[in-house]
Amino acid sequence: FVSVCAIMAMAELTTPKTTSPFLNSSSQLRLSSKLHLSNQFRHLLLPPPLHATSTSKISCSVSQNNQAPVAVQDNGSVKTKKECYGVFCLTYDLKAEEETKSWKKMISIAVSGAAGMISNHLLFKLASGAVFGPDQPIALKLLGSERSIQALEGVAMELEDSLFPLLREVDIGTDPYEVFQDVEWALLIGAKPRGPGMERAALLDINGQIFAEQGKALNAVASPNVKVLVVGNPCNTNALICLKNAPNIPAKNFHALTRLDENRAKCQLALKAGVFYDKVSNMTIWGNHSTTQVPDFLNARINGLPVKEVISDHKWLEEGFTESVQKRGGLLIQKWGRSSAASTAVSIVDAIKSLVTPTPEGDWFSTGVYTNGNPYGIAEDLVFSMPCRSKGDGDYELVKDVEIDDYLRKRIAKSEAELLAEKQCVAHLTGDGIAFCDLGPVDTMLPGEV
């Protein structure tokens, strides 16, 4: 590996005695990259087609505490842009690079809670091209808290060291109004976890305030057609709060993540049927991401056949199946001592890919979306997980050809009632009047998320 400093030395660039700009705790750190790394750094080892002139200079500095090199391009004027980091500061003319001629226009993706465990798995999938494709350059906008800003610098260092050619820009910040500027996707992962003794109503209020603020920020500065995926729990109601605070963004663009529940349900059906899980299709999770959720075995298929024709143990389907899906996260914590960060990240990838890839003929996927205009008779003005199809354009349509019998309808109604109660708890955050919270005596948080 040839360091950025060594490469700059080859180009007879100077090294000022400066300290790293990351020693301060500014709310927004700019990491701008237009560098394409390929073929043993041939663009770095040869004199690059920079926009520099004979009067410009590039300098590399290392702080006393061994921070990674910080390259700064100086054209003789006072720099007004945010500070940048390492290779993300170097700017090349992408149009002159043969490899980038077939690339699509860069898209901007915001990730909140970017220093957390879920993001630690997710960001590298995004940057590798595994989500949006091998010809789609991206910019990552990482939102954290003042407490996590140093950890975000560490995340940026790892992204830098991973040499992802598609990763062109990285921003780090604590202000959503700065980080969400012009983003086309917002993956809202960060939320306060529920601690010991905390009432669910209190969690709804605390996290609701976070998502109300983020909704306002998205409304003010994000792309008008930004797609928003809410992961932080309680994700259905947090998504409702977010969309209510972003009236300029189509409500249809907001999603609550229930894809991990769908993936777990497919796994349990495959195990029971003795098949690999790619044989399981048309799996729906109805309702809330809680113990009232409804994994739908009535409409699911195994090898194209109705599940009830393949699995003869109908008692297990009506009782054990749902319980196995709900308790999966808690069981994982018992076994491993940590929550399901990696599989959650994979489910986020699956959820995005379901929107940017055409749905296979006859199949569908689950996501929590706005209920207005739904064909199932579910109360409007909620975010409710339902079966959807997509043409691959980032949009979706609700599936109409599903069967709902009395058993399924009764269970869907229970999750609907819970979400209506949650909505009352956060009325002060959605503009629906005075909040009144009565969630009942039963705690419906999924095991493993408390």
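Bear in mind that the values here come from a model prediction, so they are computed numbers and not experimental data.

On to the overall build of the chain. The number of helices and strands found in the chain is 14 helices and 17 strands. Out of the 450 residues in the chain, the part that is buried amounts to 52%. Restricting to contacts in the chain with at least 6 residues of sequence separation, those with at least 24 account for 74%. Accessible surface, the chain: about 20,400 Å² in total, of which carbon and sulfur atoms supply 53%.

So, on to the nonpolar core. As a rule of thumb, soluble globular proteins bury nonpolar side chains together. Membership of the largest hydrophobic core comes to 54 residues, with the highest contact counts inside it found for I109, L126, L142, L159 and W286. With six residues, helix 12 (residues 341-356) is the largest single contributor of residues to this core. If near-sequence neighbours (up to four positions away) are discounted, L142 is found in contact with V111, A114, L123, L152, V155, L159, V170, D171, I172, G173 and V179. Counting residues in each nonpolar core, the second largest holds 26 residues, with V230, L240, A246 and Y370 among its members.

Here we take up the pairing of strand 6 (residues 167-173). Summarising burial for strand 6: seven of the seven residues are buried, a large majority. Two elements, strand 5 (residues 138-143) and strand 6, share six bridges in a ladder whose sense is parallel. Counterpart to L143 in the pairing with strand 6 is G173. For the handedness criterion, the β-α-β arrangement of strand 5, helix 4 (residues 149-161) and strand 6 is classed as right-handed.

This model, assessed by the stated rule, comprises 11 salt bridges. Of the charged contacts, one joins D135 and K104 as a salt bridge, the two residues approaching to 4.0 Å between their closest N and O atoms. Of the two residues, D135 sits in the loop between helix 3 (117-128) and strand 5 while K104 sits in the loop between strand 3 (70-74) and strand 4 (107-112), which places them 31 residues apart along the sequence. A relative accessible area of 25% places D135 in the partly exposed class. On the accessibility criterion, K104 (44% relative accessible area) is partly exposed. One salt bridge connects E169 with K141, and the closest N-O pair in it is separated by 3.7 Å. Pair noted here: E169 is in strand 6 and K141 is in strand 5, with a separation of 28 residues, a long-range link. K141 matches E169 in its accessibility class, with the two residues each being buried. Counted as one network, the salt bridges with shared partners bring together K141, E169 and D171.

Its place among the elements puts Y396 in the loop between strand 16 (383-389) and strand 17 (397-398). According to the relative accessible area criterion, Y396 is buried, its value standing at 7%. Through-space distance from the C-alpha of Y396 to that of L355 is 6.9 Å; in sequence the pair is 41 residues apart.

For the structure shown, the criterion picks out seven aromatic pairs. Relative to W185, the ring of F132 lies with its centre 5.5 Å away and its plane at 65°, an arrangement referred to as edge-to-face. Within this pair, whereas F132 is found in the loop between helix 3 and strand 5, its partner W185 is found in strand 7 (residues 185-188), the two being separated by 53 residues in sequence. Grouping residues by exposure puts F132 and W185 together as buried.

Within the secondary structure, D296 sits in strand 12 (residues 294-296). In this structure, D296 is buried with no salt-bridge partner, the nearest side chain bearing the opposite charge being R301 at 7.8 Å. At a separation of 2.7 Å, a polar atom in the side chain of D296 contacts the side chain of N299. Beyond its immediate sequence surroundings of up to four residues, D296 is in contact with M283, T284, W286 and L408.

This next bit is on the packing of helix 6 (residues 200-221) against helix 7 (residues 235-244). Close contact between helix 6 and helix 7 brings their axes to 7 Å; oriented N to C, the two are set at 40°. Remark: the crossing between helix 6 and helix 7 carries right-handed chirality. Where helix 6 abuts helix 7, its residues L204, N207, G208, F211, A212, Q214, G215 and L218 lie against T237, N238, I241 and C242. Looking at the contact of helix 6 with helix 7, its residues break down into six nonpolar, six polar and no charged.

Along strand 4, six of the six residues are buried, which leaves the element largely enclosed by surrounding structure. Covered by surrounding structure in strand 4 are I107, I109 and V111 together with S108, A110 and S112, the residues of both alternating faces. Note: strand 4 against strand 5, six bridges, orientation parallel. Opposite S112, over in strand 5, you have L143 as the bridge partner.

Next up on the list: unusual backbone geometry. P234 follows N233 through a cis peptide bond whose omega is -5°. Looking at the element boundaries, P234 is found in the loop between strand 8 (227-230) and helix 7. If you check the backbone angles, D182 has positive phi at about 65° while not being a glycine. Positive phi is not limited to glycine here, since D381 has a value of about 65°. In this structure, D381 sits in the loop between strand 15 (365-370) and strand 16.

Definitions and cut-offs
Residues numbered from 1 in each chain as written. Predicted model: local features only at pLDDT ≥ 70, side-chain atom pairs only at ≥ 80, totals over all residues. Heavy atoms only, no water. Helix = DSSP H or I, 4+ residues; strand = E, 2+ residues; numbered from the N terminus. Buried < 20%, exposed > 50% of the residue type's maximum accessible area, 1.4 Å probe, protein only. Contact = heavy atoms within 4.5 Å. Areas by Shrake-Rupley, 256 points an atom, 1.4 Å probe, with all protein chains shown as cover. Core = buried A, V, L, I, M, F, W, Y, C linked by side-chain atoms within 4.5 Å. Pairing = 2+ DSSP bridges. Right-handed = clockwise from strand over helix to strand, strands pointing away. Salt bridge = Lys/Arg side-chain N within 4 Å of Asp/Glu carboxyl O. Phe/Tyr/Trp six-rings, centres within 6.5 Å; stacked < 30°, edge-to-face > 60°. Lys, Arg positive; Asp, Glu negative; His and termini not counted. Polar contact = N/O pair within 3.5 Å; in protein donor to acceptor, adjacent residues only side chain to side chain. Axes fitted to C-alpha atoms, helices over the stretch in contact; angles between N-to-C directions. Left-handed = near helix turned anticlockwise from the far one by under 90°. Nonpolar A, V, L, I, M, F, W, Y, C, P; charged D, E, K, R; others polar.

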